[in-house]
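Examining the three-dimensional arrangement
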Amino acid sequence: MQPRVDFISLGVRSVAASRAFYVDGLGWPVHREVPGDVVFIQVNHGLVLSLWDVRQMQADAGVTASGAVPCITLSHNLPGTEDVDRVMEEAAAAGAEIIAEPITQPWGGYSGYFADPDGFRWEVAYNPTWAVDDDGAVTV
């Protein structure tokens, strides 16, 4: 198996509310959708974020609801601290809950966290030691 991720699927309580947040609020383009069931957003080369009705996702994956916010962080890395501040402001304007305002981190970067309508945590970060080359390989 190749080390690759093609889809990240989030089980959401309301596809309409999540669509409003990501598409209308953040301005992310819809790749495909089945209204009320799932919205697909291409977020990077070959990577799709799907916002899937949680009941359908749980049934398909054989998962029982826990009621707690899943412990997963999605990270959005940016080239500078001012970009982090701008994206955090955009997320707040779209209706995100700011979990942690951006601060300079002990590891040398700058990051903050927001939560989408279902509580999924997004880290918005600048890491001065992290880079992606033209081939998509990460260098640290």
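Everything that follows concerns the structure shown earlier in this document.
An account of the accompanying structure is given in this report. (Residues numbered from 1 in each chain as written. Predicted model: local features only at pLDDT ≥ 70, side-chain atom pairs only at ≥ 80, totals over all residues. Heavy atoms only, no water.)

**With respect to the sheet that holds strand β3 (residues 38–44)**
Taken together, the four strands give an open sheet; going across it, the order is β1-β4-β3-β2, and neighbouring strands pair in mixed fashion. One side of each edge strand has no neighbouring strand; the edge strands of this open sheet are β1 (7–12) and β2 (32–34). Taking the axes of each pair of neighbouring strands and ignoring which way they run, one obtains an average angle of 20 degrees across the sheet. Note that β2 and β3 share three bridges and pair antiparallel. Within β3, the residue paired with arginine 32 across the bridge is phenylalanine 40. The strands touched by helix α1 (residues 15–25) within the sheet are β1, β2, β3 and β4 (47–53), with β4 carrying the most contacts at an inclination of about 145 degrees. Where helix α2 (residues 54–61) meets the sheet, its contacts fall on β1 and β4, and the angle it forms with β4 comes to roughly 105 degrees. (Pairing = 2+ DSSP bridges. Helix = DSSP H or I, 4+ residues; strand = E, 2+ residues; numbered from the N terminus. Axes fitted to C-alpha atoms, helices over the stretch in contact; angles between N-to-C directions. Contact = heavy atoms within 4.5 Å.)

**A few points about the nonpolar core**
With 24 residues, the main nonpolar core has Leu10, Phe21, Tyr22, Leu51, Phe114 and Val124 as its most contacted residues. Sorting the residues of this core by element identifies β1, α1, β3, β4, β5 (73–78), α3 (81–93), β7 (110–115) and β8 (121–126) as the ones contributing at least two each. If near-sequence neighbours (up to four positions away) are discounted, leucine 51 is found in contact with Leu10, Val12, Val15, Ser18, Arg19, Tyr22, Asp37, Val38, Val39 and Ile41. (Core = buried A, V, L, I, M, F, W, Y, C linked by side-chain atoms within 4.5 Å. Buried < 20%, exposed > 50% of the residue type's maximum accessible area, 1.4 Å probe, protein only.)

**Details of the sheet that holds β5**
One open sheet holds the four strands; their spatial order is β5-β8-β7-β6, and the pairing between them is mixed. The sheet terminates laterally at β5 and β6 (97–104), the two strands that pair on one side only. Sheet twist, expressed as the average angle between the axes of neighbouring strands with direction ignored, equals 15 degrees. Pairing of β5 with β8 involves six bridges; the strand directions are parallel.

**So, the environment of leucine 51**
One can find leucine 51 in strand β4. Considered as a pair, leucine 51 and valine 38 are 13 residues apart in the sequence and their alpha carbons are 5.4 Å apart.

**Topic: the pairing of β8**
The pairing of β7 with β8 spans six bridges and is antiparallel. Bridge pairing links alanine 115 to arginine 121 in β8. If you look at the hairpin formed by β7 and β8, you'll find five residues sitting between the two strands, and glycine 119 has a positive phi there, around 90 degrees.

**Section: the pattern of salt bridges**
Summed over the entire model, instances satisfying the criterion amount to seven salt bridges. Residues participating in the shared-partner salt-bridge network are Arg19, Asp24 and Glu33. (Salt bridge = Lys/Arg side-chain N within 4 Å of Asp/Glu carboxyl O.)

**Digging into the layout of surface pockets**
The computed volume of the largest pocket comes to approximately 820 Å³. In terms of lining residues, the largest pocket is bounded by 26 residues, among which Val43, Asn44, Leu47, Ser75 and Asn77 are the most central. Those elements that place two or more of their residues in the lining of the largest pocket are β3, β4, β5 and β9 (131–132). No other element matches the six residues that β5 contributes to the lining of the largest pocket. Taken as a whole, the second largest pocket holds about 460 Å³ of empty space. If you go around the second largest pocket, you meet 18 residues; those closest to its centre are Gly11, Val54, Gln58, Ala68 and Pro70. Ranked by the residues each element gives to the lining of the second largest pocket, the list is headed by α2, at four residues. Its residues assigned to classes, the lining of the second largest pocket comprises 10 nonpolar, six polar and two charged. (1 Å grid on protein atoms, 1.4 Å probe; cavity = no way out; pocket = protein on both sides within 12 Å on 5 of 7 lines; lining within 4 Å. Points joined across faces, edges and corners; volume = space filled by probe spheres on them. Nonpolar A, V, L, I, M, F, W, Y, C, P; charged D, E, K, R; others polar.)

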